[in-house]
Amino acid sequence: MRICRIRDEYLGGPGVVGYLFYYENARRFYIEIADGLDYWSAPKLFDWYVKNDIECMDSTWSFRWVTARIVPPDRQNIAQILRNSGMDSYDEYKLLLYADGRCAQDDCMVEEIREEELPDYIRERMKRHIQAVFPLTENRVVVFFRNNTSCVCNITSTVGGDPRFSRILRSSDVFSNVRVSEGGYGIRWDDEREIPYYVLAHTPVDYSLKYTDICCIIEHETFDTAQVTERLNCSRQNIDDLVRRGRLHPVKTGARSKLFIRSEVEERLW
């Protein structure tokens, strides 16, 4: 994970308007909007979120904010531009840093920081992110948040007829592929179908669980040791070492294999 502070030099002083999080393996961006930012001072694309009291931009609009500030991949002579920038392939994040995130649309710029430099209020927000999601029957999911709360959500009601989710809702096999977004920012099925964590946190809750729900969780959301080695592309010795160091936590240990929660395994791929 890489982090940038977003500053608006027009505001004077620190001028911090947000923080950009970049998850390299998935090439996904999320922007946390600074506390106290008002609608009239908010940069373009931030203003709708500020007006609606939403503290985090989703991955789609965060990516649009980034790509609006860099040379597009189809630009004429892009290969030469990349060479002049010291790059051998197109990388949105590196291009953003190369020009400090500046563009003609506003007075914003970015500066890379360490995780330890994040303000406390951003750390508190991240405690509300999603830790795990398990698919249930009847297009429902059970969501566990990092602050030790949980909810059971009916996704059919949550997406409100959004046509992007129609195929997912029609097929239980496709629906069961739900995953936690990088950083716990939401749940998603692919790059285009994501539901932010703050939407799920305010969805009407249904705590009724059925026997078939538990079977669904066990079937789709647990990995044995062999599956973990395949997913992480490592050896059994590596898995044992991660367990010894407290980096992976088996939920059941047998004589020849261990059982792990899928979301914790896949978190190592972010």
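Rules of the game
Residues numbered from 1 in each chain as written. Predicted model: local features only at pLDDT ≥ 70, side-chain atom pairs only at ≥ 80, totals over all residues. Heavy atoms only, no water. Helix = DSSP H or I, 4+ residues; strand = E, 2+ residues; numbered from the N terminus. Contact = heavy atoms within 4.5 Å. pLDDT = per-residue confidence, 0-100. Buried < 20%, exposed > 50% of the residue type's maximum accessible area, 1.4 Å probe, protein only. Arc of directions from axis to C-beta. Polar contact = N/O pair within 3.5 Å; in protein donor to acceptor, adjacent residues only side chain to side chain. Pairing = 2+ DSSP bridges. Axes fitted to C-alpha atoms, helices over the stretch in contact; angles between N-to-C directions.

**Details of the environment of I261**
1) Next: Here I261 shows up in strand β14 (residues 258-261).
2) Next: In this structure the C-alpha to C-alpha distance between I261 and Q227, which are 34 residues apart in sequence, comes to 11 Å.
3) Next: For I261, the contacting residues outside a window of four places in its chain are F134, E221, T222 and V251.

**Considerations on the confidence of the model for the protein chain**
1) Next: Looking at the protein chain as a whole, its pLDDT mean stands at 91, while 100% of the residues score no less than 70.
2) Next: Mean pLDDT values over the elements of the protein chain span from 86, in helix α10 (residues 211-221), up to 97, in strand β2 (residues 16-23).

**With respect to unusual backbone geometry**
1) Next: Notably, R27 is not glycine yet its phi reads approximately 55 degrees, a positive angle.
2) Next: Looking at where R27 falls in the secondary structure, it is placed in the loop between β2 and β3 (28-33).
3) Next: A relative accessible area of 40% places R27 in the partly exposed class.
4) Next: Unusually for a residue other than glycine, N139 sits at a positive phi of about 60 degrees.
5) Next: Mapped onto the elements, N139 comes out in the loop between β6 (130-135) and β7 (140-145).

**Observations regarding helix α2 (residues 59-67)**
1) Next: Of the residues making up α2, those classed as buried are S59, S62, W65 and V66. Buried residues of α2, seen end-on, are gathered within an arc of 120 degrees and therefore sit on one face of the element.
2) Next: Of the residues that open α2, the one with a side-chain oxygen 3.1 Å from the backbone nitrogen of T60 is D58.

**Digging into the sheet that holds β6**
1) Next: In spatial order, the strands read β6-β7-β8; together these 3 strands make up an open sheet with antiparallel pairing. Each end of this open sheet is capped by a strand with a single partner; those strands are β6 and β8 (150-154). Within the sheet, the average angular offset between the axes of one strand and its neighbour, ignoring direction, is 20 degrees.
2) Next: Bridging between β6 and β7 involves 5 bridges; their strand directions are antiparallel. In the strand pairing of β7, V133 is matched with V143.
3) Next: Running at roughly 115 degrees to β6, α10 makes contact with β6 and β7 of the sheet.

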